[in-house]
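# Coordinate inspection notes
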Amino acid sequence: MKPSSVFGFALFLSFSVTSSSSFPPTPFSSNPNPKATPSNLLSLLGPTPHSKPVNPVIARKLFSCLKFLVPFSPTVTASPRYRKLFRTELIAPSRRHENDMIWWPPESVLELARLAVDSGGDPAAVHRLLDPTVIPVPSVEGSNKNRCQLTRTPYGRRFISEELNMYMQFLFELIVDRGPSVGFDVALSRFDLFHGHLFLSRDSGRLGILFHAREYPAYNKQVFPYNMGYCQIGSNVTYDDSMNLRNILWLAPLPDRSTKSWVAPGVLVVLDANPNGIIYRDLIPDYVKIARTIYEDDFGEVAVDVNIFNVGSLSRNYQIFIC
Ligand SMILES: *[C@@H]1O[C@H](CO)[C@@H](O)[C@H](O)[C@H]1NC(C)=O
């Protein structure tokens, strides 16, 4: 309890006489309307020792806004199997063990997750795993014609580990495949889902990616009267309630700091920013409420952006560009 919240304390006292039941005897209850933080959210998605200290009111409200694309299993029920990811496993019909691949990703992903924590959340730990070769970002679905540059640099790189690149692609495709299970139809396109921000969490060093779908909704005088520049031109994304679901969070498994073991499996979840929820209220800055944008910097140090583009013309050919 903050020393200043005298009113809150009085309220707490009055509550404790009227409700004999389950008010926890903790300072949490002193504030009737506590504010959630990005750090609360990451804690809740971590192991029990991390989630326990979170104010139970906040925890309940945050959980009510979480739409898991892969069942949340905070207790460590399995351990990493150090399996390899084969390209064939990426292709939807033959893709198996998808939940497992989120809970316990292949070895190269686990290594990166551990490096992130061991480095104390230093983005350079990620940069060192990139192949120095730069690849120009091609015109995507006519983007250059409209003078649109989709990435923060006009060239990208790739991870040295092909498995890591494949895993990034797997994440994008799984979001598209599973989106409908939480009522979210999302497409890999330059107007909708094509990027995520890879960060190292400030609290724990945990590796994560905040994906942003519905990136460029079409200009519309009634529902979305905002000019977002060249990249918005030609958009086929309609601004509607599905904007609430545009922030998607992947978290890598969390390694134990002092042993070789793991304390939390990976997570893939849509953060529902509907205006009645606590995510909208507390995690989305006022000036971007309309776009429902959660900022990656709120979760940690951003190391790179991960982009996926269809570089094929007749047949689809998706490629990862790390920028
Ligand atoms: C928009 O275009 C992309 C790329 O052609 C396509 O995959 C997607 O389904 C389209 N979205 C809508 C809502 O029509």
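Just above sits the structure.
The following refers to the structure shown. What you see is a predicted model; the values in this text were computed from it and never measured. (Residues numbered from 1 in each chain as written. Predicted model: local features only at pLDDT ≥ 70, side-chain atom pairs only at ≥ 80, totals over all residues.)

### Details of the overall build of the protein
- Helix and strand content of the protein: nine helices and 11 strands.
- Burial analysis of the protein (323 residues in total) assigns 40% to the buried set.
- Sequence separation of at least 24 residues holds for 63% of the intrachain contacts in the protein that already meet a minimum separation of 6. (Helix = DSSP H or I, 4+ residues; strand = E, 2+ residues; numbered from the N terminus. Buried ≥ 20, exposed ≤ 12 C-beta atoms within 10 Å, placed from the backbone. Contact = placed C-beta atoms within 7 Å.)

### So, the nonpolar core
- Tyr167, Leu171, Ile175, Leu268 and Leu271 are the most contacted members of the largest nonpolar core, which totals 74 residues.
- The dominant element in this core, judged by the number of residues it contributes, is helix 8 (residues 162–178), at nine residues.
- Among residues more than four places away in sequence, those in contact with Leu271 are Cys65, Leu66, Asn247, Leu249, Ile279 and Ile294. (Core = buried A, V, L, I, M, F, W, Y, C linked by C-beta atoms within 7 Å.)

### A short note on helix 6 (residues 107–118)
- Taking 1.5 Å per residue as the helical rise, helix 6 with its 12 residues ought to reach 16 Å, and the 16 Å between its terminal C-alpha atoms agrees with that figure.
- When we look at burial in helix 6, the residues that qualify are Ser108, Val109, Leu112, Ala113, Arg114, Ala116 and Val117.
- Considering only its buried residues, helix 6 is in contact with helix 7 (124–127), helix 8, strand 4 (195–201), strand 5 (207–212) and strand 7 (254–255).
- Gly120 occupies a position one or two residues after helix 6 and carries a positive phi of about 75 degrees. (Expected span 1.5 Å × (residues − 1).)

### Some details on unusual backbone geometry
- If you check the backbone angles, Arg147 has positive phi at about 60 degrees while not being a glycine.
- Here Arg147 is to be found in the loop between strand 2 (130–136) and strand 3 (155–159).
- Here Arg292, not a glycine, exhibits a phi torsion of approximately 60 degrees, which is positive.
- Residue placement: Arg292 occurs in the loop between helix 9 (278–283) and strand 10 (300–310).
- Overall, Arg292 belongs to the buried group, with 23 C-beta atoms counted inside 10 Å.

### Side note on the environment of Ala116
- Its location among the elements puts Ala116 in helix 6.
- A C-alpha to C-alpha distance of 5.7 Å links Ala116 and Gly205, two positions 89 residues apart in sequence.
- Those residues in contact with Ala116 that lie beyond four places of it in its chain are Gly121, Ala125, Leu200, Gly205, Arg206 and Leu207.

### Concerning the pairing of strand 9 (residues 267–271)
- Counting buried positions along strand 9 yields five of five residues, so the element is predominantly enclosed.
- Residues Val267, Val269 and Leu271 of strand 9 are buried on one face, and the alternating residues Leu268 and Val270, pointing to the opposite face, are buried as well.
- Pairing between strand 1 (residues 66–68) and strand 9: three bridges, direction antiparallel. For Leu66, the partnering residue across the bridge sits in strand 9 and is Leu271.
- When strand 6 (residues 247–251) meets strand 9, the two strands line up antiparallel, connected through five bridges. Looking at the pairing, Leu249 lines up with Val269 of strand 9. (Pairing = 2+ DSSP bridges.)

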